[in-house]
Structure formats: structure tokens, C-alpha cells
Amino acid sequence: MTAQTCPRQHQRTTMEIASLEPSLYTVKAVFILDNDGNRLLSKYYDKELYPSMKEQKNFEKNVFNKTHKADTDEIAFVEGMTIVYKCSIDLFFYVVGSSQENELMLMAVLNCLFESLGQILRKNVERRCLLDNLDGVFLVVDEIIDGGVILESDPQQVIQKVNYRADENPLSEQSVAQHITDKLAMTSNIMQSAKEQIKWSILK
């Protein structure tokens with residue numbers, strides 16, 4: 001009897017340990033809500049976490065209801081997720097990680113996002129200004145996080161990468177669109193190069 005149950009116990013223990021090991025995919029989701037809890041921007045990096053739009057919005061509503069009355073930056077634990085958040089005028093910024101995630105890492109992402117947006121929006125971090133520059137906001141998020149992996153936590157580096165400067169006006173719609181086109185082309189080239197490397201490694 002003991003010999004039969006040991007492998008299962010070992011398997012469970014191994015799975016539990018694996019779940020506690022640090023992961024490169026630190027961020028599960030990022031979203032920005034207005035002061036009524038309406039979604040302005042959201043990106044979910046874990047396909048198994050709230051896969052449908054309805055599940056995502058229910059989660060965001062639950063998070064908002066439990067956090068929007070806070071007067072200061074906080075850390076919350078909602079539905080098994082670790083959430084760090086910050087409010088500014090009529091906006092709420094959220095970064096979501098797993099229950100085992102390091103809050104300091106998530107907070108570094110949140111602060112980088114907030115400070116970067118503060119620069120591109122010329123410190124007008126409020127709903128109307130954010131919606132007027134939404135394409136640029138998406139670019140900032142993509143420079144900080146890629147598929148859940150933290151790429152950058154220095155706001156100055158983020159600003160440089162999306163071709164913003166603190167002493168210049170925000171990008172026009174045309175220049176933002178061109179930047180997106182260039183970014184997509186660059187991503188496509190990187191993916192093609194990766195495929196070629198994989199193909200040649202297999203042939204070897």
C-alpha cells in the first residue's frame with residue numbers, strides 16, 4: 001500500500017515545489033480603469049487566466065470594488081492574485097501577478113508604467129489625456145512587458161525606446177501609427193530570424 005501511494009505523494013510534492021519556483025513570466029495582466037471602474041486599457045499575458053472577455057471584466061470589476069476607495073498606493077490579494085495598484089485623479093493602474101509573486105517586482109513595473117506615462121502625457125495623467133494618447137500608452141506598456149516578461153523598469157529607457165522625450169510634445173497620430181508599423185516590422189524580422197535559427201539547429 002505504501003509503495004503504491006509514494007509515487008503519487010512524490011508527484012504532488014514535485015508539482016507543489018514547481019509552482020513555488022520563480023518564473024520569468026512575472027506579470028499576469030496589466031489594466032487601467034477610470035474612476036467608475038470602466039476599462040480603458042488591458043493586457044492579459046496568461047491565456048489560462050480569465051480567457052474570455054466576460055471573465056476579464058468580472059475580475060477587473062471585483063478588483064476595482066475592493067481597491068478604489070484606497071487613498072494611497074496599495075497591495076491587494078484578489079481571487080488568488082497579487083495586485084499592486086496606484087490611482088491618479090480619475091485613473092486606476094493595476095499590475096497583476098501570481099499569489100507567490102514578489103510584490104516589489106510588480107511595484108517596480110507599476111512605478112515604471114506610471115512615471116513613463118507621466119512623461120509622455122506631460123504630467124496630465126488623467127482619463128481624457130490618456131484616451132487622446134492611447135496608442136502611445138500601448139507602446140509604453142509593450143516596452144515594459146512582453147508576454148508577461150519584464151523587459152524594462154527604467155522610465156527613461158522606456159521613453160527613449162518609444163521615441164518620446166520629456167521636453168517634446170506627444171507624438172502625433174501619424175507618427176504613432178508609423179512607429180507601430182516600424183515596431184511590427186521589427187517584430188516580424190525578429191520572429192523570422194528566430195525561425196531560421198531553429199530550422200538550422202534542427203537540421204544540424
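The model shown is predicted, which means the values in this text are computed figures rather than measured ones.

Novice: Can you explain the pairing of strand 2 (residues 39–44)? Please cite residues and give values.
Specialist: Sheet topology note: the strand 1 (residues 29–34)/strand 2 ladder contains 5 bridges and is antiparallel. Within strand 2, the residue paired with V30 across the bridge is K43.

Novice: So what about the pattern of salt bridges? Which residues, and what values?
Specialist: Considering all chains together, one arrives at 5 salt bridges under this definition. Between D34 and R127 there is a salt bridge, with the nearest N and O atoms lying 3.3 Å from each other. Of this pair, D34 sits in strand 1 while R127 sits in helix 4 (residues 127–132); the two residues are 93 residues apart in sequence, bridging distant segments of the chain. A relative accessible area of 34% means that R127 is categorised as partly exposed.

Novice: Requested: an account of the confidence of the model for the protein, with residues and values cited.
Specialist: For the protein, per-residue confidence averages 79 on the pLDDT scale, and 66% of positions sit at 70 or higher. Of all the helices and strands in the protein, helix 1 (residues 2–20) carries the lowest mean pLDDT, 40, while strand 1 carries the highest, 97. A low-confidence stretch, residues 1–22 stays under pLDDT 50, and its non-local contacts, those more than four residues away or across chains, total 2 contacts. Long-range and interchain partners of residues 164–169, a stretch whose pLDDT sits below 50, account for 12 contacts in this model, where long-range means more than four residues apart.

Novice: I'd like to hear about the sheet that holds strand 3 (residues 74–78), residue by residue, with values.
Specialist: The strand order across the open sheet built from 5 strands is 2-1-5-4-3, with neighbouring strands paired in antiparallel fashion. Taken across any chain shown, the strands that pair with only one partner, and hence form the sheet edges, are strand 2 and strand 3. Here the strands of the sheet are splayed against their neighbours by 20 degrees on average, with no regard to which way each runs. Pairing geometry for strand 1 and strand 5 (residues 91–98), over 6 bridges, is antiparallel. Residue pairing for strand 5: V30 is matched across the bridge by V95. Seen against the sheet, helix 3 (residues 103–120) touches strand 1, strand 3, strand 4 (81–88) and strand 5 and runs at an angle of roughly 25 degrees to strand 4.

Conventions adopted
Residues numbered from 1 in each chain as written. Predicted model: local features only at pLDDT ≥ 70, side-chain atom pairs only at ≥ 80, totals over all residues. Heavy atoms only, no water. Pairing = 2+ DSSP bridges. Helix = DSSP H or I, 4+ residues; strand = E, 2+ residues; numbered from the N terminus. Salt bridge = Lys/Arg side-chain N within 4 Å of Asp/Glu carboxyl O. Buried < 20%, exposed > 50% of the residue type's maximum accessible area, 1.4 Å probe, protein only. pLDDT = per-residue confidence, 0-100. Contact = heavy atoms within 4.5 Å. Axes fitted to C-alpha atoms, helices over the stretch in contact; angles between N-to-C directions.

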